[in-house]
Every structure is written in C-alpha cells, then in structure tokens.
Amino acid sequence: MNTTVQTLLRAVAAAALATLISPALASDNASLPQIIDDLPADYAADLDNATRAQVERGRYVARLGDCVACHTGADRGKPMAGGLALETPFGVLYSTNITPDRETGIGRYSFEQFDRAMRKGVTTDGQNLYPAMPYPSYARISAEDMQALYAYLMHGVNPVRQENRALEMGFPFNQRWGLTLWNWMFLDDQVFSADPTQSAQWNRGAYIVQGLGHCGACHTPRGIGFQEKTLSEAGEHGSYFLAGETVEGWRALSLRNLWSPEQTAEMLKTGRNAHGTVSGNMVDVVQHSTQYMDDSDLHAVGLYLKSLPSSAHDKPMQVAQGPAPLINLRSTTPTNLLASRGGLGYQQFCADCHRADGAGVKGVFPPLAGNPVLISEDPSTLVHITLTGWRSARTVDNARALSMPSFARLSDQEIAEILNFTRDSWGRPAAKAIQASTVTEMRKRLDVKNLDQRPFETPRLADLLKEANAGQLILGARLNTNTHELLPANVGNALNCASCHLNAGTVADGSPYVGVSAFFPSYAPRAGRVITLEDRINGCFLRSMNGKPLGLESVEMKAMVAYFDWMKRETTAQDKVEGRGVGKIDPSIVPNLENGEKIYAVQCALCHGNDGEGIRNAAGKWVYPPLWGDDSFNIGAGMARTYTAAAFVKKNMPIAFHEGFPLGQGGLSDQEAVDVAEYFSHKPRPDFAGKVKDWPKDKKPVDARY
C-alpha cells in the first residue's frame, strides 16, 4: 500500500479509536437518569401486541449494545439525541442523534438503511462512519435482534429535534474516504455463527461478547491500522482476542480465563466482586448496560470468557495468570507498613478505605490483595486512578456511588512510593518499580489539574522517618490510628483517636493536630480551669473512648504528646491555624429527626451499620465504629451534642462522597448535617459519671445531653 495512504489511514483510524475509548465518555454518575424507561403513551397506543413485544426486545438489545452511553449529551437531558463530545488528539467528534425525529434523527431511515449503518458503517447519504461507532462488532448482530433494535429506536424512544454537530477535525483527519479503505482491509461484516460443538449457553455468551457487547473494542490488541486484530477466538489470530490492551492511560485487562463465571457475572451486575471494582469507562458500561442484563446472559458471558485459554499475548492482569511467586493474594498487614515511606504514605492516605491489611471493606471498598489493577505488569490504570480519582458504578444493588478523590496534590515521588508499596505488598512484588518520572509523564498526558488549592499543608507521616525520635513519633501515630487495639485497658469502646481526628490528625477541618500543642495550657470552659495537653488527651479517653486516663508519665502519653509537638512546627499561641478544628454550624437550625433518619440510612449505614452498630471484618475486628450503643462514645463526649456533631459531619462525613482530597469527605448541607447529627447523637449510649462537674463556671451549651 502507498505509504502516504497507509499513514493517512492509520491516522484516521487512530482518531476513531481514540473516540471509542476516550475518558471523555466517562460521566458524573451522580446525575445519571434512568435512560431506558417505559414506552411513551403516544407511541404505545399505536402498537399491536406483536410490535410491542418486538420493541421490548429491542429495548433489551439497546441495553446490551450500550447505545445510550455515547448517544446522549453530557447534560444527560436528551436521551439518544447525541451531542456527546468525543475528544481525540486530532480534534473532536460528536455523537449523532438516533431518536426517531425525521429531520435531525433517524426517523426517515428504512430498516435496510439502518441495517447498513449498523453492519457496514455507511449512512443514508453514503458517508462512512468513524469506527467510534463499533459497527465491526455490531455486524455480528442477528437479523432478529437488528429488527428489534430498529423497532425500539423508532417506537420506544421519544423523538428529539436536535441538529447533529459538525466534526471539529482538521485535515487529513476529516477525510472519510480513508475509512473506505479501512473497511476494505479490516471489516468483517458476517453475522455471528454459532459453534455447534459448544453449548447453547456458551454460544449466547460468545454472541453478546463479540457483538452487542463489543468487548473487543477495548480489550483486544490493535493492529497496524488500529483495527482489532481479531473479532473472535477462532482462526489464526484468535489468541489475540480479548488479550488486553492499554488505551488512553487505562489498562483494559485480559478477559481470557479471567474469574469464575459467577464472579464475572457479579462484576457486570454490580460493578464489583471479590477481586476489585470497575474503573474508567467500565463504570459507564455497568451503569448503562450490563447491570440490566438477565442473570442467564450474565452467566453466559462469564462462562464464555472462562472458556478462553490463557494466551501468549496476555499481559498478565488477572489472578489466574502470571508466575505464582509474583502474586500475593493474602490480606495481611505488611511488616514495613510503618517502617517505609511508601508504607507510611499508604497508612495515611489509603488505609481508611483499603485497610492496613489491604482487605478493603466487603461490599464497600475494594480489596488490594489479588486486585487486577495491582497485579498488572502495566501500571497504567493504577497510576491513572491515583492521579484522576475513581467513582464506583451506580447500580440498582449499589445505589450510592462511592468515590476515590484524585491524589494529584501528592508529589510524583510520593505517589510512586505509595504505589510501589501496594504492589510489593499485595500485587506483583517482582514487577518493575514505578518511577516518579512515569507518574510525571502520565500527569502531563492526562492534563491533570490540581483543583484543591487550599493553603492547608497536610503533614506527611512519611517524614516521621527523618526525625531522631522516629520510633517514638511512629508510636504516637499508631496510638492514634489503632487506639482501642493498643490500649485496651484505657479504651472502653470501639473507637480510635482517628475516628474523629481523620488520617491520624492530618486532615483540614477533621480536627487536625497541626499546631494544636501550641495552644496548651489553655482555659477549658467545660472543666472551668486551665488544662494541659495531657489533660485534653485524657478527656478524650474518658469521654469519646468511654475509658480510663493514661498515666501522665507513661510511654504512650509521651509518644502522643511528641506526635502532637511534631505537628506544631512553627505555630505560636497567637497564630490562626488553617483548617483547625471542625468548624461551626448555626445552632438556630431546627433539627428534623425524621429527615435525619432517612439521611442516616442513605449516607451513614453503609459504614456504621443499619442500627448504628458499626461494622467488623471477617476476623471480628472493628473496621468502622458504632455511632450508638455500649461500644460507642458516652454522653459526655462532644459528639453526643447535636451541633458539635453536625459541624463534624458537615465537614467530614460521609467519606467517599465526592472528589475532595483526601477522603472525598463531607458534602451534606447544614440542615442535613444537623438532622442526621440529632438522629444519631441522641440514640442510647453509655452514661458519664463525671458529667456533674462539667461547666462549673460557664454556661452549659444548649445541646448538652445533661
């Protein structure tokens, strides 16, 4: 082939491919509507029973094909009307209107014209479509399903008048004639043919994966013309099928011989399984498409993928492949967790969700042991998620989407240290280390912008290792994060200091320890006298921990004070410290207890239990603390007061709610915070004998429990 033509062909195909897997397709699932809804009444009235049944089948086919993901604009307000920007390195394409509007949509398409567009990528006026619309896969759709899809789009979707937007691509990428050559070379428009040697269930899975699911678009390696090297497991190049590919900074894992059929079905239904969660564009796939699949179809897909043997073309991504000695599947606490910069960084920024042993939180946060993202030799997805953040799929079974914020505020070296620690601990210990330069390059390629410009400087626990008394300081940090385990004689419930002082006291507005020791000794209205820092610490043990005070000269008290002093830095008693405390909330806001109960159920129960009982792991150890009952704080604690608790909730709860650094914490309105604080703070909890001595000179707060 002429070199110039080949170069142009590859460039046009590359532009098309980039649109297919561009992160621009990922949307904020907090605002996703249920696109596929009941048939509009004005259409339903005109349909006979046979056509209605065909439309319903077409609705399911459209879900399998995930049509709505690309053909709905970014505002999500006009389903199937197109307008979504598909950004490529060569310009911007916009998805088209596929509603039955006769002027701007496909309302004038005959079935034959629709069928040609779907199978050959050619419009009614003879123009070639970019394979951002995966017609090479859709060509495999059966005639019956194609007829049903056409019926659904014509009779089950509301017509929307919205003009299609022109390409914003310069020469030569706007030359569609190159796609004619591409089709001639690479398009196989044969309808799926069942393998008579396989079961009906296997063939059903193959049909969905190869055709409507177009899984190979991201998971099959690309050839010289950026075409999928093969569209099925059969033939000379069949071993390339679904063997994995790295596209746009995401590692699309090898799907061959992946998990058990049940585990694959669970991932596609809920966006998570025991090995991890979906990320990148798979979040949209689960939300718009696979969660709606019948259980039998989900199992068929899992069965088919499990049947594909491991391939020499796989870049190990899953548990089943890769040399066994390289893979650490055990959820254990690494010995160097608190003795290395990466370990201390992980403890500070990651352990709240993924836990110190990498086990995650069942049904909430994904485990790291055996996680495909860590096992992958290619760290693209791992670095990508760390820099840009992550959000779980919103499904019927998991209505609340969980988020991991971007950690772009950390330096490239810090990110490399933390990620290498996680891979060494729970992934591929012998894998090539991630270099800071790799993070730097991906930060540039993804055009990562640090949206958090707050002046609060988060202390780095990793810097404790630089200090002469590092051992004492690390003990102080451990006593904050593992208080009830390390001090069982002093803690009478399930709380740790870090339950209120987030990330070992390093989070702005999370009652951080930054500068705190500079303000002691100081007058405390509740005590009616000047108290020391040690007094304040013991007050927490007596109230928040519902326990007993530490000895003033004990090793543990000295370690905690030393840890506070390390965070004092240059602060003086006259300084105003950015991010100190938890803020305040207007005490004139009247609580709505009924609304508080609803908010608790939606936003809090996931981590603290339906009845405020907290949650434990499989070994019976506390993961997140109870908010009421015998194992919670007593009525003498500040958190037992409505407006104190509301201020904390407003800034710090729930976690994983949005993209704010470092825990995605906060996000409720003032009224919602007051409502839910009133609800949980006034639940039954232990009494406090010392309450009779409180506020001897000053006015008692209006929200005190006694």
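This one's a predicted model, so the numbers in the text were calculated from it and none came from an experiment. (Residues numbered from 1 in each chain as written. Predicted model: local features only at pLDDT ≥ 70, side-chain atom pairs only at ≥ 80, totals over all residues. Heavy atoms only, no water.)

Colleague: What am I meant to see in the environment of Gln-287 here?
Modeller: Its place among the elements puts Gln-287 in helix H12 (residues 282-288). Classification of Gln-287 as buried rests on a relative accessible area of 4%. Along the sequence, Gln-287 and Lys-269 sit 18 residues apart, while their C-alpha atoms lie 8.9 Å from each other. Within the local environment of Gln-287, its side chain forms a polar contact with the backbone nitrogen of Arg-394, the two atoms lying 2.9 Å apart. (Helix = DSSP H or I, 4+ residues; strand = E, 2+ residues; numbered from the N terminus. Buried < 20%, exposed > 50% of the residue type's maximum accessible area, 1.4 Å probe, protein only. Polar contact = N/O pair within 3.5 Å; in protein donor to acceptor, adjacent residues only side chain to side chain.)

Colleague: Help me understand the sheet that holds strand S3 (residues 168-169), please; the structure alone is not making it clear to me.
Modeller: Spatially, the three strands line up as an open sheet ordered S1-S2-S3, and their pairing is antiparallel. Each edge of the open sheet is held by one strand with a lone partner, namely strand S1 (85-88) and S3. With four bridges joining them, S1 and strand S2 (residues 91-94) adopt antiparallel strand pairing. Among the inter-strand pairings, Glu-87 is bridged to a residue of S2, identified as Val-92. (Pairing = 2+ DSSP bridges.)

Colleague: In this structure, what is going on with the confidence of the model for the protein chain? I would like to understand it.
Modeller: Mean pLDDT for the protein chain: 88, with 91% of residues reaching 70 or above. This stretch, residues 1-41, has a pLDDT under 50; its non-local contacts, to residues over four places away or in other chains, come to 107 contacts. In the predicted structure, residues 316-325 sits below a pLDDT of 50 and forms 32 contacts with residues beyond four places in sequence or in another chain. (pLDDT = per-residue confidence, 0-100. Contact = heavy atoms within 4.5 Å.)

Colleague: In this structure, what is going on with the domain arrangement of the protein chain? I would like to understand it.
Modeller: A common way to express how large an interface is: the accessible area buried when the components associate. The domain boundaries assigned to the protein chain delineate domain 1 (49-186), domain 2 (200-307), domain 3 (341-446), domain 4 (461-568) and domain 5 (593-622 + 639-693). If you average the C-alpha positions of domain 3 and of domain 4, the two centres end up 29 Å apart. Taken together, the contacts link six residues of domain 3 with nine residues of domain 4. Around 770 Å² of area is buried between domain 3 and domain 4 when both sides are counted, 54% of it from carbon and sulfur atoms. Connecting domain 3 to domain 4 are one salt bridge. Arg-341 serves as the salt-bridge partner of Asp-463, at 3.2 Å between the closest nitrogen and oxygen. Summed over the shared surface of domain 3 and domain 4, the result is five residue pairs in polar contact (both at pLDDT 80 or more). (Domains from an automatic or database assignment. Buried area = accessible area lost by both parts, 1.4 Å probe. Salt bridge = Lys/Arg side-chain N within 4 Å of Asp/Glu carboxyl O.)

Colleague: Sorry if this is basic, but what is going on with helix H19 (residues 436-445) here?
Modeller: In an α-helix there are 3.6 residues to a turn, and that puts residues three or four apart on one side. Buried residues of H19: Ala-436, Val-439, Met-442 and Arg-443, and no others. Projected down its long axis, H19 carries its buried residues within an arc of 125°, all on one side. Looking at H19, the residues exposed on the side facing more than 90 degrees away from the buried face are Glu-441, Lys-444 and Arg-445. Buried residues in H19 make contact with helix H17 (380-388) and helix H18 (412-426). At the exit of H19 stands Asp-447, carrying a positive phi of roughly 50°. (Arc of directions from axis to C-beta.)

Colleague: Got a minute to help me understand empty space enclosed by the protein in this structure?
Modeller: The gaps left among the atoms become clear once a water-sized probe is rolled over them. Summed over all chains, the structure comprises four cavities of 30 Å³ or more. The calculated volume of the largest cavity comes to roughly 530 Å³. Around the largest cavity, the lining is made up of 29 residues, and of these His-354, Leu-368, Ile-385, Thr-386 and Met-404 lie nearest the centre. For the lining of the largest cavity, the elements supplying multiple residues, two or more each, are helix H14 (341-349), helix H15 (351-354), helix H16 (372-375), H17, strand S9 (403-404) and H18. (1 Å grid on protein atoms, 1.4 Å probe; cavity = no way out; pocket = protein on both sides within 12 Å on 5 of 7 lines; lining within 4 Å. Points joined across faces, edges and corners; volume = space filled by probe spheres on them.)

Colleague: When you look at the nonpolar core in this model, what are you seeing that I'm missing?
Modeller: Proteins that are soluble and globular tend to have nonpolar side chains buried together. Judged by nonpolar contacts, the single largest core of 82 residues is most densely connected at Phe-365, Tyr-563 and Phe-680. Broken down by element, the residue count for this core peaks at nine residues, all from helix H24 (residues 555-568). Those residues in contact with Phe-365, other than ones at most four positions away along the chain, are Cys-353, Gly-360, Leu-402, Tyr-624, Ile-655 and Ala-656. Core analysis: the second largest hydrophobic core is formed by 57 residues, Val-68, Val-209, Phe-241 and Leu-258 among them. (Core = buried A, V, L, I, M, F, W, Y, C linked by side-chain atoms within 4.5 Å.)

Colleague: Got a minute to help me understand the side chain of Arg-222 in this structure?
Modeller: Mapped onto the elements of the fold, Arg-222 is located in the loop between helix H10 (216-219) and strand S4 (245-247). Despite its burial, Arg-222 pairs with no opposite charge, the nearest such side chain being Glu-228 at 4.1 Å. Within the local environment of Arg-222, its side chain forms a polar contact with the backbone oxygen of Ala-217, the two atoms lying 2.6 Å apart. (Lys, Arg positive; Asp, Glu negative; His and termini not counted.)

Colleague: Even after reading the chapter, I still don't get the packing of aromatic side chains, so can you show me in this structure?
Modeller: Each aromatic ring pair is characterised by the separation of its centres together with the angle its planes make. Inspection of every chain in the model, using the stated rule, returns 18 aromatic pairs. Relative to Tyr-150, the ring of Phe-111 has its centre 5.6 Å away and its plane inclined at 75°; by these criteria the two rings are edge-to-face. One end of the pair, Phe-111, is in helix H5 (residues 111-120); the other, Tyr-150, is in helix H7 (residues 143-155), with 39 residues separating them in the sequence. Taken as a pair, Phe-111 and Tyr-150 share a single burial class, namely buried. When the centroid spacing of 5.9 Å and the interplanar angle of 90° are considered together, the rings of Phe-421 and Trp-426 count as edge-to-face. Both residues of the pair, Phe-421 and Trp-426, belong to the buried class. (Phe/Tyr/Trp six-rings, centres within 6.5 Å; stacked < 30°, edge-to-face > 60°.)

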